[in-house]
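Each chain, letter by letter, is given below.
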Amino acid sequence: MTRELYLSRRLIACLCGLAALLLACLPATARVGPTSALEAVELPVGNAHVQPFDRMRFWIGESDTFDPEKALSHRAAFEPVTTPWIDFGDQGRPVWLLVQVHNPSERAGEWVIDIQRPFAEELLVAKVESNSVRDALLDVDSRTPFSARPIESQYLVAPLAMDAEETSDILIGMRSSTGSWMPVTFATLERMRTAHMQEARFNWTINGAILALVIAALFMGRLVGWPLALGFAGYAGLSALFVANNEGYLHRFVFTEAMWVYEPLNLILLSGMMLALLQFARSFASLEQGAPRFAQWVKGMQIGLAGLLALSALAWQVDAVRLLVFALVPVVALTYLAIAAHAWRAKVLGAVPFLAGSAAIALTVTVMIGVLLAPGQVPMTIALDYFHATLLFESIAFFIAIVVRMLAMQQDLNRSLQAEVAVTREKLELAQALQESRDRYDKARGAAAAMRARLQSTSHDLQQPLIALRQNLQRLADRDKEAAGKLESALDYLEAVTVSGLADEPLGEDQQAGEKPDEGAESFPVSVVLLNCARMFHGEAERAEVEIRLRTSDAAVHTDPVALMRAVSNLVSNALKHAGATTILLAAQERGDHIAIHVIDNGRGMSETEIAQFGEIAAKGEDSDGHGLGLALVREFVNTPGHDLSIRSRPGRGSCFTLRVPRGR
């Protein structure tokens, strides 16, 4: 926040320097020096006007008493006006002007004296002779309604009737607490109407544009957030009312019988503008999230402004209250500039137009301060018109910032909707895929049930031949004990398989294919399975000229011995029949809480598609003449909790199947 305040102060200092330079240059060609004899001002003809400031004389009263006779008694003390414009600053005492006018025409005519300000505490425009008022052209005070003025206008205008070739002294006296500026203009009725119509068209156009921006911002309130929209609408609306009050429109059309409301309403509107501006800036920059300490300071300022607003309504006549309200204007402008700098550094959406609007406010405040510090150098009417035009620029800049944020929020909303649509589409696709998976599961379940029935039937048919083989094996034992031992192992395995096949029950309704309770599991040496497999396939390996190597272990495993034997033998059988290998290695390794059983061959290997299909029922290689059942039994075995299977294979580089089985006790 310190850097932002420093940057804001530097910018304000630059703006003040620029305003001072402009103010110093403007009088160079317009200022006139004092003259001893002031000639009469010829009244204009046609659609024309004249502002004879260099031929006017002025006198500032010695007290706050508004007395034209006393002013005329000091006629010798009147001094020539030496500034380009009539403005003597905030005096608090009556200011008197004296000018001589002449009707150059041979006919009588009517003109107007346009003061170009809507209010004054007291104002007198009169024709004078010597030291007395001859004819009061306009005599009003703060209680005089618009309807009682001699010429209908939002400004103070006095009618001026002149006889043919008449020359007359005009006395203008004013007392006001809002400055002594009086851009006195002598004009024809036609010129006055044209000028006032142009001024009204300018003001109503700007106020109409601001009103349209306020309505549009309120329509966007639900999207951009009501604090932001109401803050902008409050600032823009109160600013337009502030200008309308200073231009006299509110009292001409609304408070027609309450002219005294002008000054308190001015203070209330100005306090409300500052309060709404800070609220808008705080909401736009999200200060609570980005700079919480700065946000607390701004919130404290808002609370103080709210109290000052109430005080302005109750004690508007107190000079200290008026001074405090106007003194807070540059402070609020500086604070707002610091908030805009923070928003720009934080890359808040819409920060650039937001910063442009804050710079416009700072420049406006700087120009108004320059006008007040150098009275008479720049006309207050032009400064007010500049303020009004700048207000429209600020409103447009702030509205653009809101629109930028709204568009960004709309894009985020569109992206969210697109994401929701994508998620919904994915859910539909997943539902379809789930339904297809269920259909495939039902088919696989049916195929598994049919396969199980065939296995049970086959196991039953094998029992009798196995009994006969075991009986005849005794006769061979005396001739070749080694061959008899190998046959004995094979027959034990086959008998266990048939018993297991006959004992398996059909799958239950809630039992997945491959799921089994932990029945039949026991702890035994893993070497028993590896040795039996090596003996079982010894003869087949010799005929195929394949070497079976064995690297066993003394570790025990905890699983179903028949199921493990079935899984390992199916892997070895698959390697012998389909791998095209010359060497098969059976190995066991201890791996923490489990035993890894490897079946490694140096055959043709498998593709990724074959690996992905491994273990599916009826899945087999292109050159296989089997049923695809053996590898499915392996997959069924590893579906048991605590069991796992991993496959590493590359075409032409062989395959490695690793069964992970829980370690035994």
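Residues numbered from 1 in each chain as written. Predicted model: local features only at pLDDT ≥ 70, side-chain atom pairs only at ≥ 80, totals over all residues. Heavy atoms only, no water.

J.: How do you make sense of the pattern of salt bridges when you look at a structure like this?
T.: Working definition: two side chains of opposite charge can pair if their charged atoms are close together. Taken as a whole and assessed by the stated rule, the structure comprises 14 salt bridges. Taking the shortest distance from any N to any O, the salt bridge between arginine 134 and glutamate 166 comes out at 3.2 Å. With a gap of 32 residues between them, arginine 134 in strand β8 (residues 132-141) and glutamate 166 in the loop between β9 (157-162) and β10 (167-175) connect regions that are remote in the sequence. Classification of glutamate 166 as buried rests on a relative accessible area of 12%. Between arginine 549 and glutamate 547 there is a salt bridge, with its nearest N and O atoms 3.3 Å apart. With a relative accessible area of 44%, arginine 549 lands in the partly exposed category. A single network of salt bridges, built from pairs that share partners, joins Lys127, Glu129, Arg134 and Glu166. (Salt bridge = Lys/Arg side-chain N within 4 Å of Asp/Glu carboxyl O. Helix = DSSP H or I, 4+ residues; strand = E, 2+ residues; numbered from the N terminus. Buried < 20%, exposed > 50% of the residue type's maximum accessible area, 1.4 Å probe, protein only.)

J.: Which parts of the structure should I look at to understand the pairing of strand β5 (residues 95-102)?
T.: Within a regular strand, the side chains alternate between the two sheet faces. Of all eight residues in β5, seven are buried; the element is thus mostly enclosed. Two strands pair when backbone bridges link them, and strand β1 (residues 41-42) and β5 are joined in this way by two bridges, in the parallel orientation. Across the sheet, the residue bridging to glutamate 42 is histidine 102, located in β5. Inspection of the sheet shows strand β3 (residues 57-60) paired to β5 by four bridges, in the antiparallel sense. Along β5, the bridge assignment pairs tryptophan 59 with tryptophan 96. Across eight bridges, the pairing between β5 and β10 is antiparallel. The residue of β10 that forms the bridge with tryptophan 96 is glycine 173. (Pairing = 2+ DSSP bridges.)

J.: What is the right way to read the nonpolar core from this model?
T.: If you look at soluble globular proteins, the nonpolar side chains tend to sit buried side by side. Judged by nonpolar contacts, the single largest core of 68 residues is most densely connected at Phe232, Phe280, Phe354 and Phe398. Looking at this core, the elements that each hand over two or more residues are α3 (189-219), α5 (226-247), α6 (249-253), α7 (262-285), α9 (292-314), α10 (319-345), α11 (351-373) and α12 (380-477). Once residues within four sequence positions are removed from consideration, phenylalanine 232 is found in contact with Leu213, Val214, Ala217, Phe280, Ser395, Phe398, Phe399 and Ile402. Counting 38 residues, the second-largest nonpolar core is a separate cluster that includes Val529, Phe537, Ala541 and Val568. (Core = buried A, V, L, I, M, F, W, Y, C linked by side-chain atoms within 4.5 Å. Contact = heavy atoms within 4.5 Å.)

J.: Looking at this structure, I do not really get the packing of α7 against α11. What am I missing?
T.: The geometry of a pair of packed helices is captured by two quantities: the angle between their axes and the separation between those axes. Relative orientation of the contacting elements α7 and α11 amounts to 155 degrees, with a least axis distance of 12 Å. Between α7 and α11, the crossing angle belongs to the class labelled roughly antiparallel. Two packed elements cross with a definite hand, and for α7 against α11 that hand is left-handed. On α11, the residues that touch Leu277, Phe280, Ala281 and Phe284 of α7 are Ala351, Phe354 and Ile361. Its residues placed into classes, the contact of α7 with α11 shows seven nonpolar, no polar and no charged. (Axes fitted to C-alpha atoms, helices over the stretch in contact; angles between N-to-C directions. Parallel < 35°, antiparallel > 145°, perpendicular 65-115°, else oblique. Left-handed = near helix turned anticlockwise from the far one by under 90°. Nonpolar A, V, L, I, M, F, W, Y, C, P; charged D, E, K, R; others polar.)

J.: Mind showing me how you'd approach the sheet that holds strand β6 (residues 109-114) here?
T.: Adjacent strands of a sheet form backbone hydrogen bonds with each other and so pair up, either parallel or antiparallel. Reading across the sheet, the four strands line up as β2-β11-β6-β9 and stay open at both edges, with antiparallel pairing between neighbours. Where the open sheet ends on each side, the last strands, each with one partner, are β2 (49-50) and β9. Bridging between β2 and strand β11 (residues 185-188) involves two bridges; their strand directions are antiparallel. Note on β11: the bridge partner recorded for valine 50 is phenylalanine 186. α3 contacts β2, β6, β9 and β11 of the sheet and is inclined by roughly 110 degrees relative to β11.

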